[in-house]
Amino acid sequence: MGDLYVPLDHGRGGVAAQVASGLRDAVCSGRLAPGDRLPSSRDLAADLGVSRGVVVEAYEQLVAEGFLVSRVGSGTRVAPAATRDRAAPAGDQEPYHDYQSRATSPDLGHFPRERWLAALRHALTTIPSDALDYGDPGGIPELREELAGYLRRVRAADVDPANLIIVGGVAQGLSLVLHVLAERDGRPGRGDREGRADPEGRADRAGRFGRGGRLGLAVEDPTSHRQVPLLRRAGADLLPVPVDERGLDVAALRDRPARAVLVTPAHQYPTGVVLSPARRAALVEWAREADAIVLEDDYDAEFRFDRDPVGCLQGLAPDRVVLAGSVSKALAPGLRLGWVVAPPALAGAIRLARGEFDLGSPVIEQYALAGFLRTGGYDRHLRRMRREYRRRRDALVRALAEHLPEVRVRGIEAGLHACLDLPAGWDEGRVVATARELGLAVEAVGPMRFAPGRPAVAVGFSRLPVHRAAEAVRELKLRMSG
Ligand SMILES: Cc1ncc(COP(=O)(O)O)c(C=O)c1O
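Residues numbered from 1 in each chain as written. Predicted model: local features only at pLDDT ≥ 70, side-chain atom pairs only at ≥ 80, totals over all residues. Heavy atoms only, no water.

1. Digging into the site of the ligand
Then step 1. Among the 13 residues in the neighbourhood of the ligand, the closest are listed as Val170, Asp297, Ser326, Ser328 and Lys329.
Then step 2. The contact in question runs from an oxygen atom of the ligand to an N or O atom on the backbone of Ala171, over 2.9 Å.
Then step 3. For the ligand, whose free accessible area comes to 400 Å², the fraction covered by protein is 91%. (Near = heavy atom within 4 Å. Polar contact = N/O pair within 3.5 Å; in protein donor to acceptor, adjacent residues only side chain to side chain. Areas by Shrake-Rupley, 256 points an atom, 1.4 Å probe, with all protein chains shown as cover.)

Structure (structure tokens):
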């Protein structure tokens, strides 16, 4: 291929990240089309006046992000699925496509394309035509059966397929559940008071409509800042509760006027702590006493490395806990496939709400996932990825111990990210900006806190190749001390 326009500011540092960014822009703007072959790393390095290693690093990063594919013998090309709609939205909105900096994303370069294609092909060649009609808004029975079995086996969940609803990921699951709870248990919100007809008999005894009500929802502090707008939009008024070394402080929760609590017991986001057995029992006891619901966000529970498997909270109290999970970390977030398991009455209301909102999830992908689970493809993929992520985690932890011993590393027993407590005086924002220039997936914990806390960052290791860890951490140390 001919010349490639890649603007560089040699004085700014982070040259590999600049090359990656220039190439990403070229793909997003359509200057590079799917299938286009890129120059060899040697040629591009010579054109740009940088070392070959810089270009190799940029190519590797873009392969991990799914923009490029690299095959022995045919060089590096723009990935078939890399199209211009990956571009950030115009205006001052936050870009949706921030895969590079998301600490919890999996390595999408390892998405099992061939095996997923086979599962889709099998689904399309075997399902009857009328299976393509509007289905049950709660999901196809085949997938609900498979997932119920999987969650019982792997997460020690207590699941009847009738109480499992297929959703478009944990995010949609939480939206639906909160919407239903706000309607059922919430205080009236603005515009819900008197003066409206009540053809469906939904007003409570005081004549108020539950619909659109506001629900007191306890959340972990710190908590995922990306989820906050979603929770509020679904009707939740947030009541922050501190997280310590054993997870959510249940004693503090008792002081909050909450009707529900949202927790990440398997691997707290972002601190990475695991909810202790005593706290689990106390949380269930609180829910029973307060007649409240626990929402269990099981977002990355497939990935456990050293410690014994920890079953989900839902298995301890299926009458009180709603379990939400998805394939976003195991396969890919873009599939938008997840599940919610709820006590029977709530499950019925969630399924009804899903039908009223949008009539349910795409069926072909549901059949494909059911087949992938049934044939063992899902388990095999997870086993392989667990091994790989463990190697990457170990490399990152080793590099941190060697080059940044003043940083405390937490939450590495599970999931795809670690939480780094920074030394006093280190600025979170500067660490994040510097680490991102080096291609690390890092997020500041500060914006996730309700109450002030020590500086910390969440760092993802799923896309950090083993051979790059030491160099990236060494360089981070160098730049932070400069
Ligand atoms: C803590 C946490 N919960 C939930 C989600 C959303 O997952 P899903 O893609 O299943 O909606 C994420 C995504 O990164 C997450 O980090």
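Structure shown, so let's carry the discussion forward.
2. Describing a positive patch on the surface
Then step 1. Residues Arg115, Arg380, Arg383, Arg384 and Arg387 make up a contiguous surface patch of positive charge.
Then step 2. The biggest single contributor to the positive patch is helix α12 (residues 377-403), with four residues.
Then step 3. Within the element layout of this structure, Arg380 appears in helix α12.
Then step 4. For Arg380, a relative accessible area of 45% corresponds to the partly exposed category. (Patch = residues over 30% accessible without salt bridge, like charges linked within 9 Å, V, L, I, M, F, W, Y side chains within 5 Å. Salt bridge = Lys/Arg side-chain N within 4 Å of Asp/Glu carboxyl O. Lys, Arg positive; Asp, Glu negative; His and termini not counted. Charge placed at Lys NZ, Arg CZ, Asp CG, Glu CD. Helix = DSSP H or I, 4+ residues; strand = E, 2+ residues; numbered from the N terminus. Buried < 20%, exposed > 50% of the residue type's maximum accessible area, 1.4 Å probe, protein only.)

3. Remarks on the layout of surface pockets
Then step 1. One number sums up the size of the second largest pocket: a volume of about 590 Å³.
Then step 2. In terms of lining, the second largest pocket is formed by 28 residues, of which the most central are Val63, Leu68, Val69, Ser70 and Gly109.
Then step 3. For the lining of the second largest pocket, the secondary-structure elements that each account for two or more residues are α3 (52-65), β1 (68-71), β2 (75-78), α4 (113-126) and α12.
Then step 4. Grouping the amino acids of the lining of the second largest pocket by side-chain chemistry returns ten nonpolar, seven polar and eleven charged.
Then step 5. Each of domain 1 (10-97) and domain 3 (381-481) contributes no fewer than three residues to the lining of the second largest pocket. (1 Å grid on protein atoms, 1.4 Å probe; cavity = no way out; pocket = protein on both sides within 12 Å on 5 of 7 lines; lining within 4 Å. Points joined across faces, edges and corners; volume = space filled by probe spheres on them. Nonpolar A, V, L, I, M, F, W, Y, C, P; charged D, E, K, R; others polar. Domains from an automatic or database assignment.)

4. With respect to the sheet that holds strand β9 (residues 321-326)
Across a sheet, strands are paired by hydrogen bonds formed along the backbone, either parallel or antiparallel in direction.
Then step 1. With mixed pairing, the eight strands of this open sheet are ordered in space as β3-β10-β9-β8-β7-β4-β5-β6. In the strand order of this sheet, the two ends are held by β3 (164-167) and β6 (247-248), each with one partner.
Then step 2. Across the sheet, helix α9 (residues 277-290) lies against β5 (236-244), β6, β7 (260-263) and β8 (293-297), angled at about 155 degrees from β7, the strand it touches most. (Pairing = 2+ DSSP bridges. Contact = heavy atoms within 4.5 Å. Axes fitted to C-alpha atoms, helices over the stretch in contact; angles between N-to-C directions.)

5. Regarding the packing of helix α6 (residues 170-185) against helix α10 (residues 344-358)
Between two packed helices, the angle of one axis relative to the other and the distance separating the axes together describe the packing.
Then step 1. Across the interface, α6 lies against α10 with an axial gap of 9 Å and an inter-helix angle of 110 degrees. In terms of their interaxial angle, α6 and α10 are classed as roughly perpendicular. Only Leu346, Ala349, Ile350, Ala353, Arg354, Phe357 and Asp358 of α10 make contact with α6, whose side of the interface consists of Gln172, Leu176, Val177, His179, Val180, Leu181 and Arg184.
Then step 2. The residue inventory of the contact of α6 with α10, partitioned by class, reads nine nonpolar, two polar and three charged. (Parallel < 35°, antiparallel > 145°, perpendicular 65-115°, else oblique.)

6. Structural notes on empty space enclosed by the protein
Left-over empty space is what a probe sized like a water molecule reveals as it rolls over the atoms.
Then step 1. Counted by the stated rule, this structure contains seven cavities of 30 Å³ or more.
Then step 2. In this structure, the largest cavity occupies an estimated 100 Å³ of space.
Then step 3. Only α12, α13 (428-437), β14 (456-460) and α14 (466-481) provide two or more residues apiece to the lining of the largest cavity.
Then step 4. Of the residues assigned to the lining of the largest cavity, the class counts are 15 nonpolar, no polar and no charged.
Then step 5. The space that makes up the second largest cavity amounts to roughly 80 Å³.
Then step 6. Residue lining of the second largest cavity: Gln61, Gln100, Gly439, Leu440, Ala441, Gly460, Arg463, Leu464 and Arg468, and that is the complete set.
Then step 7. Each residue belonging to the lining of the second largest cavity can be placed in one class, and the counts come to three nonpolar, four polar and two charged.

7. A word on the packing of α4 against helix α11 (residues 363-374)
Then step 1. Relative orientation of the contacting elements α4 and α11 amounts to 115 degrees, with a least axis distance of 8 Å. Taken together, the axis directions place α4 and α11 in an arrangement best described as roughly perpendicular. In the crossing of α4 with α11, the sense of the turn from one axis to the other is right-handed. Here Arg115, Trp116, Ala119, Leu120, Ala123 and Leu124 of α4 come into contact with α11, specifically with Ile364, Glu365, Tyr367, Ala368, Leu369 and Phe372. (Left-handed = near helix turned anticlockwise from the far one by under 90°.)

8. Remarks on a negative patch on the surface
Then step 1. On the surface, Glu142, Glu145, Asp158 and Asp160 cluster together into a patch of negative charge.
Then step 2. For Glu142, the location among the structural elements is in helix α5 (residues 141-155).

9. A short note on α9
Then step 1. Between its first and last C-alpha atoms α9 spans 20 Å; for 14 residues at 1.5 Å apiece the expected length is 20 Å, and the two agree.
Then step 2. What α9 keeps buried is the set Arg279, Arg280, Leu283, Val284, Trp286 and Ala287. In an axial view of α9, the angular spread of the buried residues amounts to 155 degrees, which keeps them on one side of the axis. In α9, the exposed positions angled more than 90 degrees off the buried face are occupied by Pro277, Ala278 and Glu289. (Expected span 1.5 Å × (residues − 1). Arc of directions from axis to C-beta.)

10. A short note on the nonpolar core
The nonpolar side chains of soluble globular proteins are, as a tendency, buried together.
Then step 1. Judged by nonpolar contacts, the single largest core of 66 residues is most densely connected at Leu151, Leu331, Leu369 and Tyr378.
Then step 2. Of the residues forming this core, the biggest block, eight residues, is contributed by α12.
Then step 3. Both of domain 2 (117-378) and domain 3 (381-481) provide at least three residues apiece to this core.
Then step 4. Excluding its chain neighbours within four sequence positions, the residues that come into contact with Tyr378 are Tyr150, Glu302, Ser326, Val327, Ala330, Leu331, Trp339, Leu369, Phe372 and Leu373. (Core = buried A, V, L, I, M, F, W, Y, C linked by side-chain atoms within 4.5 Å.)

11. Some thoughts on the environment of Gly186
Then step 1. Positionally, Gly186 belongs in the loop between α6 and β4 (215-221).
Then step 2. Given a relative accessible area of 19%, Gly186 falls into the buried group.
Then step 3. A sequence separation of 50 residues divides Gly186 from Ala236, and the C-alpha atoms of the two residues are 8.6 Å apart.

12. Some remarks on the packing of aromatic side chains
Then step 1. Applying the stated rule across the entire model yields seven aromatic pairs.
Then step 2. Seen in terms of ring centroids, Phe111 and Trp116 are 6.3 Å apart; in terms of plane orientation they differ by 65 degrees. Their pairing is edge-to-face. Comparing Phe111 with Trp116, the two get one shared label, buried.
Then step 3. Here the aromatic rings of Trp116 and Phe372 are separated by 5.8 Å at their centres, their planes lie at 85 degrees, and the arrangement is edge-to-face. Of this pair, Trp116 sits in helix α4 while Phe372 sits in helix α11, placing them 256 residues apart in sequence. (Phe/Tyr/Trp six-rings, centres within 6.5 Å; stacked < 30°, edge-to-face > 60°.)

These values are about where atoms sit, not about what they do.
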